[in-house]
Amino acid sequence: MAYKGPYKRPQMGRKGNCMEQQTLRKGTQLTVTLGGELDHHNAASLRQSIDALLQDKSITELVFDMKTVTFMDSSGIGLLLGRYRLMTERGGKLSIHGANRYVERMIKMAGLSPLLQKQAR
Amino acid sequence: MFQNEMHLSFSGLSQNESFARMAVAAFATQLNPTIEELTDIRTAVSEAVTNAIVHGYESHGGTVYMDCYIKDRMFEVIVRDEGRGIEDVALAMQPFYTSMPNLERSGMGFSVMQAFMDTLHVSSSPGKGTTVSMKKLIPAVSGDE
């Protein structure tokens, strides 16, 4: 009989690798907590779901909590830049919390250092 | 001289971006790289493979080839596609240049490859495809043979 141990499958999307996402709305602030690997594959669906939430124009502060993001390439930068433009257009702001040193290095390369907040939320 | 090599071909689907990163990391691990060096290689390969999928094959699929070589402490990875190719390689390599601004591409792909690897060489023929070759020296640390 096949062993059915206590192992859990990683939370894989229907078509591929892991990217966890949670959102929390508090007043005019939307916090998006990301986890896993942020690459081109995952960025597309994330963009759609975040932009759907940002249809609500009363959101003026977008917070990315990235403390459990294990990998990010320039596709992740594209996602952050795009959301930064959206928030700037409406006079709002965007901040990035909890980035590990490798994610932070990419963010700094893109010139987005001013968005980095040291303490995780 | 110690030599080793690995050759992979896979469908140009975005699901395979993470597969390519895992495969290259697994092969490079035998050089006992630091986590930073391994992250550099994974990130550079992720950029090259994403370029092949998004720009080479314009997200319509095709085959991406990845060849890895180890010669002593030198690690080389070559990512190749047989897609549309690049008209002007020098322009494409300009920081923040993107031919697809509507897709929110950051235009940082080649800059990242350049920054994270020791050498980067790009050759391309419009209509025939693009080859990206990257090398990185992984210095021995005490305990390495």
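S.K.: What should I look at first to understand the packing of helix H2 (residues 35-56) of chain B against helix H4 (residues 109-116) of chain B in this one?
M.R.: Think of two packed helices as two axes; the pair is described by the angle between the axes and how far apart they sit. Residues and elements named next belong to chain B. Orientation of H2 relative to H4, taken along the N-to-C sense of each, is 150°, at an axis distance of 9 Å. Classified by the interaxial angle, the pair formed by H2 and H4 is roughly antiparallel. Crossing handedness for the pair H2 and H4: left-handed. In this structure, H2 uses Asp 40, Thr 43, Ala 44, Glu 47, Ala 48 and Asn 51 to contact H4, whose residues at the interface are Gly 109, Phe 110, Val 112, Met 113 and Phe 116. Counted by class, the contact of H2 with H4 contains 6 nonpolar, 3 polar and 2 charged residues.

S.K.: Just to check I follow, could you spell out the sheet that holds strand E4 (residues 93-97) of chain A for this structure?
M.R.: Within a sheet, each strand pairs with its neighbour through backbone hydrogen bonds, oriented either parallel or antiparallel. All names here are of chain A. The mixed open sheet is built from 5 strands, whose spatial order is E1-E2-E3-E4-E5. Every interior strand has two partners, whereas the edge strands, strand E1 (19-26) and strand E5 (116-117), have only one. Across 8 bridges, E1 lies against strand E2 (residues 29-38) in antiparallel orientation. Note on E2: the bridge partner recorded for Gln 21 is Leu 34.

S.K.: Teacher, can you tell me more about the pattern of salt bridges here?
M.R.: Two side chains of opposite charge can pair, provided their charged atoms sit close to one another. For the structure on display, the rule yields 12 salt bridges over all chains. The shortest N-O distance in the salt bridge between Lys 67 of chain A and Asp 65 of chain A comes to 2.9 Å. Take Lys 67 of chain A: its relative accessible area is 43%, and that puts it in the partly exposed class. With relative accessibility at 3%, the residue Asp 65 of chain A sits in the buried group. Between Arg 105 of chain A and Asp 40 of chain B there is a salt bridge, with the nearest N and O atoms lying 2.8 Å from each other. Taken together, the positions of Arg 105 of chain A in helix H3 (residues 101-109) and Asp 40 of chain B in helix H2 put the pair across two chains. Taking the relative accessible area as the measure of exposure, Arg 105 of chain A reaches 23% and is therefore partly exposed.

S.K.: I'm lost on the interface of chain A and chain B in this one. Help?
M.R.: Interfaces are often sized by the accessible area lost when the parts come together. With 24 residues of chain A in contact, the opposing surface of chain B contributes 26 residues. Roughly 2,100 Å² of surface becomes buried between chain A and chain B when both sides are summed, with 52% attributable to carbon and sulfur atoms. At the boundary of chain A and chain B, one finds 5 salt bridges. A salt bridge links Glu 37 of chain A to Arg 42 of chain B, with the shortest nitrogen-to-oxygen separation between them at 2.8 Å. Contributions of two or more residues to the side of chain A that touches chain B are made by helix H1 (40-53), strand E3 (61-72), helix H2 (74-89) and H3 of chain A.

S.K.: Would you explain the pairing of strand E5 (residues 129-137) of chain B in this entry?
M.R.: On any regular strand, side chains alternate: one points to one face of the sheet, the next to the other face. All names here are of chain B. Looking at chain direction, strand E3 (residues 74-81) and E5 are connected through 8 bridges and run antiparallel. Each bridged residue has a counterpart across the sheet, and for Glu 76 the counterpart in E5 is Lys 135. Here strand E4 (residues 119-125) runs beside E5; their pairing, made up of 7 bridges, is antiparallel. Its bridge partner lying in E5, Ser 124 is registered against Thr 130. Linking E4 back to E5 in an antiparallel pair, the connection comprises 3 residues, with Gly 127 at a positive phi of about 85°.

S.K.: Honestly, unusual backbone geometry in this entry has me stumped. Any pointers?
M.R.: For residues besides glycine, phi is generally negative; the peptide bonds are generally trans as well. All names here are of chain B. At Asn 32, a residue that is not glycine, the phi angle is positive and equals roughly 55°. Tracing the backbone shows Asn 32 in the loop between helix H1 (16-28) and H2. Residue Asn 32 is classed as partly exposed on the basis of its relative accessible area of 41%. Although it is not a glycine, Asp 72 adopts a positive phi angle of roughly 55°. Along the chain, the position of Asp 72 falls in the loop between strand E2 (63-71) and E3. Its relative accessible area of 38% is what places Asp 72 among the partly exposed residues.

The rules behind these values
- Residues numbered from 1 in each chain as written.
- Chains lettered and ligands numbered in written order.
- Predicted model: local features only at pLDDT ≥ 70, side-chain atom pairs only at ≥ 80, totals over all residues.
- Heavy atoms only, no water.
- Axes fitted to C-alpha atoms, helices over the stretch in contact; angles between N-to-C directions.
- Helix = DSSP H or I, 4+ residues; strand = E, 2+ residues; numbered from the N terminus.
- Parallel < 35°, antiparallel > 145°, perpendicular 65-115°, else oblique.
- Left-handed = near helix turned anticlockwise from the far one by under 90°.
- Contact = heavy atoms within 4.5 Å.
- Nonpolar A, V, L, I, M, F, W, Y, C, P; charged D, E, K, R; others polar.
- Pairing = 2+ DSSP bridges.
- Salt bridge = Lys/Arg side-chain N within 4 Å of Asp/Glu carboxyl O.
- Buried < 20%, exposed > 50% of the residue type's maximum accessible area, 1.4 Å probe, protein only.
- Buried area = accessible area lost by both parts, 1.4 Å probe.

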